[in-house]
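Chains, contacts and geometry: an overview
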Amino acid sequence: MDAEFTELESTAMSAALDAAREGCRGANPLVGAAILTADGKIVTGHHAGAGTAHAEVDVITTAHDLDIDLSASTLFVTLEPCSHRGRTGPCTEAIIAASIPSIVFSSPDPNPLASGGGRILAEAGLRVRSGLHRDRAHELNARWVETMTASRPFVTAKIAQSLDGAVAAADGTSQWITSADSRAHAHQIRSRVDAILVGTGTVLADDPRLNARAADGSPLPDQPRPVVFGTSPLPPESFLALNPDTLRLPTHDIGEALDRLHAEGVRHLLVEGGPQVLGAFFAAGAVDEVFCYQAPLLIGPGRRSVDGLGIDTLADALRLLPDDTEVPAVSRLGPDFLLHFVADSAPAP
């Protein structure tokens, strides 16, 4: 326990960290909040994703619904409250308006556009402390911090494969390896990203639309921008060639592609490319999160789900960590299993 904080304060921040995991990874960090009342009760809130209430506002709303006296409470937040206006207003204003006298946050906000909230709250007369469970808060958002520092999109990779790691049979057939339940989940992921990327090979083989659809085939309210990576020309009659929103990235350089995407305003990218494209993103260290849909099928000779990593020995293997944020690290989707991972930023032992 951090020496300058009480056991009850440590418990409150732990509750905020647990609440943060109810959110989803992507363009925004995972943030949780907790309010500790004068008589020791704890209520929590979290940020559910882009465009939704921030964790501070979420927990303040809950506290109001429960008739909690905020003027005698302490607010715990896993990340420094934001001080800027984006899709939602500054959390600093909401905290001050709620008459909360004391706040503790785990780690400072690395985003220069949003940082400085602690100073603003202190200048408004609140008691402001920081650093409680800072290591745990940093670990929670380590990959997001890396993307902020590198000014690149947060990258989620999608893999749909057989039990023996194939995305297509030897004759090229691939629809459908995974179940309708898995495909429905994948479309929900599509609906919350800024863009979805495939290589030119996927366009030639499948002529995808790269949109987000409900189970009945109707478009979901939020749609990703389609992105095609690679130098081969697209068939002029293909869906993506005819879509005026399609972004072409005529390169095989991952860094160049990510720079262009960031400049285009893409902050969360879903990579659904074929084995070579996925392998290139993994080899470049650019994959932050993985959703792997594992079907109970054995295909035998066929196309591997990830190729071109250039790994010859086990010591060089790319390490992934099971992630129970948003969904359990292992869960069922109909007959399939969904495996959820984040990339391990630590060096191999």
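Cut-off values and rules
- Residues take numbers from 1 onward in each chain, read along the sequence in its written order.
- Restriction of local features to residues with pLDDT of at least 70 applies here, the model being predicted, together with a cutoff of 80 or more for giving and counting side-chain atom pairs; totals for whole chains, interfaces and linings are based on all residues.
- Heavy atoms throughout the structure, all of them, feed into the side-chain values; hydrogens and water do not.
- Each helix is a run of DSSP H or I of at least 4 residues and each strand a run of E of at least 2, with the numbering of both proceeding from the N terminus.
- Our radius of gyration looks at C-alpha atoms and nothing else; its globule reference is 2.2 Å times the residue count to the power 0.38.
- Think of it in three bands: residues with accessible area under 20% of the maximum for their type are buried, residues over 50% are exposed, and the middle band is partly exposed, with areas taken using a 1.4 Å probe on protein chains only.
- Here a residue-residue contact requires only that any non-hydrogen atoms of the pair lie within 4.5 Å.
- Residue-level accessible areas treat just the shown protein chains as cover; the underlying method is Shrake-Rupley with a 1.4 Å probe.
- The positive count covers Lys and Arg only, the negative count covers Asp and Glu only, and His and the chain ends enter neither.
- Charged side chains are reduced to one point each, which is NZ for Lys, CZ for Arg, CG for Asp and CD for Glu.
- What counts as a disulfide here is a pair of cysteine sulfur atoms lying within 2.5 Å.
- Strands were regarded as paired on the criterion that DSSP finds at least two bridges between them.
- To define axes, lines are fitted to C-alpha atoms, for helices over the stretch in contact only, and angles between the resulting N-to-C directions are given on a 0 to 180 degree scale.
- Taken from the helix axis, the directions to the C-beta atoms give the arc we talk about.
- By definition here, a salt bridge exists when the distance from a side-chain nitrogen of Lys or Arg to a carboxyl oxygen of Asp or Glu is within 4 Å.

Overview of the overall build of the chain
Within the chain one finds eleven helices and 16 strands. In terms of overall size, the chain behaves like a compact globule, its C-alpha atoms giving a radius of gyration of 22 Å where 349 residues would be expected to give roughly 20 Å. Its C-alpha atoms put the chain at 70 × 40 × 40 Å along the principal axes. Classification of the 349 residues of the chain by burial places 49% in the buried group. For the chain, restricting intrachain contacts to residue pairs at least 6 apart in sequence, the fraction spanning at least 24 positions comes to 71%. Accessible area for the chain stands at about 16300 Å²; split by element, carbon and sulfur atoms hold 52% of it. The positive charge centre, built from 26 side chains, and the negative charge centre, built from 44, are 3 Å apart in the chain.

Considerations on the state of the cysteines
All told, the structure shown has zero disulfides when counted by the stated rule. Lacking any disulfide linkage, Cys82 is separated from the closest cysteine sulfur, that of Cys91, by 3.7 Å. The thiol of Cys292 is unpaired, and the distance to the nearest cysteine sulfur, on Cys24, comes to 20 Å.

Overview of the sheet that holds strand β5 (residues 127–130)
Spatial ordering of the open sheet is given by β2-β1-β3-β4-β5, a layout of five strands whose pairing is mixed. Strand pairing shows two members of the sheet lacking a second neighbour, β2 (42–46) and β5, which therefore form its edges. Pairs of neighbouring strands in the sheet enclose a mean axial angle of 20 degrees, with direction left out of account. Where strand β3 (residues 74–79) and strand β4 (residues 102–107) come together, five bridges link them in parallel fashion.

Some remarks on the environment of Ile196
Along the chain, Ile196 falls in strand β8 (residues 195–199). According to the relative accessible area criterion, Ile196 is buried, its value standing at 0%. When the C-alpha atoms of Ile196 and Ala94 are compared, they prove to be 34 Å apart, with 102 residues separating the residues in sequence.

Some details on helix α2 (residues 55–65)
Along an α-helix, residues three or four apart share an orientation, since each turn contains 3.6 residues. Those residues of α2 that fall on the buried side of the exposure criterion are Ala55, Glu56, Val59, Ile60 and Ala63. Axial view of α2: buried residues confined to an arc of 130 degrees, hence all on one face. In this structure, the buried residues of α2 make contact with β1 (32–36), β2, β3 and α3 (91–97). Asp67 sits one or two positions beyond α2 and adopts a positive phi of about 60 degrees.

So, the environment of Asp336
Looking at the secondary structure, you find Asp336 in strand β16 (residues 336–343). On the basis of relative accessible area, Asp336 is assigned to the buried category, the value being 1%. Taking the C-alpha atoms as reference points, Asp336 and Gln294, separated by 42 residues in sequence, lie 5.5 Å from one another. Ignoring anything within four residues of it in the chain, the contact list for Asp336 reads Thr178, Ser179, Ser182, Gln294, Ala295, Pro296 and Ser331.

A word on the pattern of salt bridges
Under the defined criterion, the tally for this structure stands at 15 salt bridges. Arg25 is the salt-bridge partner of Asp323, the closest N and O atoms lying 2.8 Å from each other. Taken as a pair, Asp323 in the loop between β14 (320–322) and β15 (330–333) and Arg25 in the loop between α1 (7–20) and β1 lie far apart in primary sequence, 298 residues in all. Taking the relative accessible area as the measure of exposure, Asp323 reaches 2% and is therefore buried. Looking at Arg25, the relative accessible area reads 11%, which means it is buried. Residue Arg143 pairs with Glu146 through a salt bridge whose shortest N-O separation is 3.7 Å. Remark: Glu146 and Arg143 occur in helix α6 (residues 142–150); sequence separation between them is three residues, near one turn of the helix. Three or more residues are tied together by salt bridges with common partners; here these are Arg21, Arg25, Asp323 and Asp324.

Just geometry here; none of it tells us what the structure is for.
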